[in-house]
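Understanding the architecture of this molecule
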2 protein chains.
Amino acid sequence: MKVTLIGAGNVGYHLGQRLYIKKIKVQQIYSRKLSNAAELAKAIKAKTTNDLSKIDSSAEVYIIAVKDDAIAEVAAQLSKNKQLSKKIIVHTSGSVSGKVLSDYFSNYGVFYPLQTFTKGQHVYFKNIPICVDAKKEKTQKRLLKLGKAISKDVRLISDKERAVLHVAAVVVNNFTNHLFHVGATICAKEGLDFDILKPLIQETAEKLLRKSPYDMQTGPARRGDQQTIKKHTDYLKKFPKYQSLYTLLSESITNTYS
Amino acid sequence: MKVTLIGAGNVGYHLGQRLYIKKIKVQQIYSRKLSNAAELAKAIKAKTTNDLSKIDSSAEVYIIAVKDDAIAEVAAQLSKNKQLSKKIIVHTSGSVSGKVLSDYFSNYGVFYPLQTFTKGQHVYFKNIPICVDAKKEKTQKRLLKLGKAISKDVRLISDKERAVLHVAAVVVNNFTNHLFHVGATICAKEGLDFDILKPLIQETAEKLLRKSPYDMQTGPARRGDQQTIKKHTDYLKKFPKYQSLYTLLSESITNTYS
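Everything numeric here is computed off the predicted structure, so don't read it as measured data. (Residues numbered from 1 in each chain as written. Chains lettered and ligands numbered in written order. Predicted model: local features only at pLDDT ≥ 70, side-chain atom pairs only at ≥ 80, totals over all residues.)

To continue, consider the relation of the copies chain B and chain A. For the pair chain B and chain A, the relating rotation is 180°, the translation along its axis is 0.0 Å, and the fit reaches an RMSD of 0.0 Å. Here the two chains are linked by the operation of a two-fold rotation axis. It is threonine 176 of chain B whose C-alpha, among those of chain B, lies nearest the rotation axis, at 2.7 Å. A shared interface surface links the copies, since 100% of the contact residues of chain B are contact residues in chain A too. (Least-squares fit on C-alpha atoms with pLDDT ≥ 70 in both. Contact = placed C-beta atoms within 7 Å.)

Here's what the structure looks like:
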């Protein structure tokens with residue numbers, strides 16, 4: 001199976017590397033800025049282009065890994081090349097419907113690695129769940145096969161399910177990270193070293209592998225310890241916006257167990 | 001240095017095991033219910049009692065690891081034994097002032113391991129920061145020594161600093177765990193497997209060891225992607241309380257970067 005990557009951002013970068021390691025040929029990498037694709041292309045021995053009209057037709061799967069709001073436009077451009085019309089064309093977005101590609105291609109689908117990627121930072125790709133979807137069963141099968149070549153966890157996930165997973169992912173990843181920032185800001189303001197909280201954060205995530213978050217909830221709101229909650233919200237008068245967060249999250253915990 | 005443990009809950013259990021491993025003798029373990037102390041006592045070869053008037057005076061440090069609101073009462077009971085009046089008496093709480101012990105003992109202090117403990121679940125104690133405080137410098141030194149015997153990260157942290165750390169710890173640990181629960185609840189409601197989000201959660205915590213949470217923030221609120229935020233809050237009409245959380249956390253992220 002040969003693949004062409006449209007986009008050399010965080011997702012394209014990690015996907016390209018992983019495909020190469022698993023001996024799946026990446027024919028070509030497109031990036032608006034050639035320099036973005038250059039390093040990856042060299043590492044994985046692919047050709048590059050910054051011109052969508054120059055995407056060659058020798059691959060079986062075309063993976064569009066660009067920003068959500070650019071997917072439709074990129075698909076429209078690609079579709080001008082009639083040689084691509086029967087190819088498998090997928091995007092990698094968590095929140096965009098696969099149907100955005102249906103105006104241009106019949107063998108369209110989704111190939112969504114459910115992970116947060118940063119260029120230059122290693123991830124264990126084998127463990128990354130890949131959510132696959134396609135209208136045609138034959139396309140589904142090819143995408144499942146591609147997924148299984150690079151991950152041990154590949155699942156057929158519908159557009160609707162993927163949309164829900166994306167909400168949940170924002171909650172457990174983006175919001176969690178923001179809470180880390182809140183903790184770091186409080187520490188910085190008080191001249192305290194945020195590093196002291198990192199083992200606690202690691203353990204909170206580790207525990208999740210062994211217990212349900214419902215069962216492992218601890219803290220003043222869980223205990224109904226109003227005295228400590230009062231002490232904390234009084235302290236947070238210094239940070240009015242964080243005070244509202246503290247109150248709403250504490251209430252949400254209280255509601256969960258009442 | 002010999003130690004007596006007052007309390008055989010989560011903190012007492014892990015502390016007792018670690019002291020034993022590092023060859024610090026635990027003389028005696030107190031628990032209201034003897035059965036709670038029995039297993040630990042057997043494992044670390046300590047005596048047990050369920051009677052505070054029978055705490056013997058052969059240890060140097062007495063660690064009170066009981067619920068926050070029981071600390072003062074336990075200290076009052078212990079102080080009836082005049083042979084303990086010159087001993088080092090500490091509690092292990094993140095949110096209670098060391099002064100709660102000052103009515104009863106002169107060599108009082110705090111010995112607070114900044115971690116979330118669950119009985120029967122292994123933690124790498126070596127990495128757990130221990131926050132030590134004491135009024136007398138001599139007591140501080142003894143407690144620092146005790147801390148260094150069981151952890152590589154021991155710090156002198158004042159009552160005021162510890163109170164701030166406790167707020168931050170609630171935010172990064174308790175609230176984070178609640179967000180995991182929110183994600184799990186959404187998945188369960190939709191018949192989706194929450195496990196699919198666990199690699200993402202692990203990576204979010206891992207990244208924190210290499211980058212600041214400010215720099216690693218991603219997601220719709222960070223990108224100013226109002227369309228996705230609207231889609232998500234519309235979806236969350238099914239979970240009105242989670243919808244408020246989503247909105248407030250998204251606003252807090254937006255404020256952070258504007």
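Next comes the rest of the write-up.
Residue and element names in this part refer to chain A. An order of β3-β2-β1-β4-β5-β6-β7-β8 is seen for the eight strands of this open sheet, with the pairing classed as mixed. On the outer flanks of this sheet lie β3 (47–49) and β8 (154–156), each paired with one strand and no other. With strand direction ignored, the average angle separating the axes of adjacent strands in the sheet is 25°. In the sheet, strand β5 (residues 88–91) pairs with strand β6 (residues 108–113) via three bridges, with the strands oriented parallel. From the neighbouring strand, valine 90 faces β6, where its bridge partner is glycine 109. (Pairing = 2+ DSSP bridges. Helix = DSSP H or I, 4+ residues; strand = E, 2+ residues; numbered from the N terminus. Axes fitted to C-alpha atoms, helices over the stretch in contact; angles between N-to-C directions.)

All names here are of chain A. Under the domain assignment used here, chain A contains domain 1 (3–157) and domain 2 (163–256). Averaged C-alpha coordinates put domain 1 and domain 2 at centres separated by 36 Å. The partner domain 2 presents five residues to the six residues of domain 1 that form the contact. A breakdown of the residues in the side of domain 1 that touches domain 2 according to their chemical character gives three nonpolar, three polar and no charged. (Domains from an automatic or database assignment. Nonpolar A, V, L, I, M, F, W, Y, C, P; charged D, E, K, R; others polar.)

With that settled, consider unusual backbone geometry. Among all residues except glycine, the phi angle is most often negative; among peptide bonds, the trans geometry is most common. Residue and element names in this part refer to chain B. The backbone of lysine 23 sits at a positive phi, close to 60°, despite the residue not being glycine. Following the sequence through the fold, lysine 23 ends up in the loop between α1 (10–21) and β2 (26–30). On the neighbour-count criterion, lysine 23 (7 C-beta atoms within 10 Å) is exposed. The phi torsion at lysine 45 lies on the positive side, around 55°, for a residue other than glycine. Relative to the helices and strands, lysine 45 resides in the loop between α2 (34–43) and β3 (47–49). (Buried ≥ 20, exposed ≤ 12 C-beta atoms within 10 Å, placed from the backbone.)

Moving on, we come to the interface of chain B and chain A. A common way to state how big an interface is: give the accessible area lost once the parts meet. With 75 residues of chain B in contact, the opposing surface of chain A contributes 75 residues. Sorting the residues of the side of chain B that touches chain A by element identifies α5 (159–189), α6 (198–207), α7 (213–216), α8 (220–223), α9 (226–235) and α10 (240–256) of chain B as the ones contributing at least two each. It is α5 of chain B that contributes the most residues to the side of chain B that touches chain A, 24 residues altogether. Residues that form the side of chain B that touches chain A fall into these classes: 40 nonpolar, 25 polar and 10 charged.

Looking at the secondary structure, you find glycine 98 of chain B in the loop between β5 (88–91) and β6 (108–113). Residues glycine 98 of chain B and leucine 248 of chain B, 150 residues apart in the sequence, show an inter-C-alpha distance of 35 Å.

Right, let's get into helix α2 (residues 34–44) of chain A. Residue and element names in this part refer to chain A. What α2 keeps buried is the set Asn36, Ala37, Leu40 and Ala41. Projected down its long axis, α2 shows its buried positions confined to an angular sector of 110°, all on one face. Pointing more than 90 degrees away from the buried face of α2 are the exposed residues Ser35, Lys42 and Ala43. The positive-phi residue at the C-terminal boundary of α2 is lysine 45, with phi of around 55°. (Arc of directions from axis to C-beta.)

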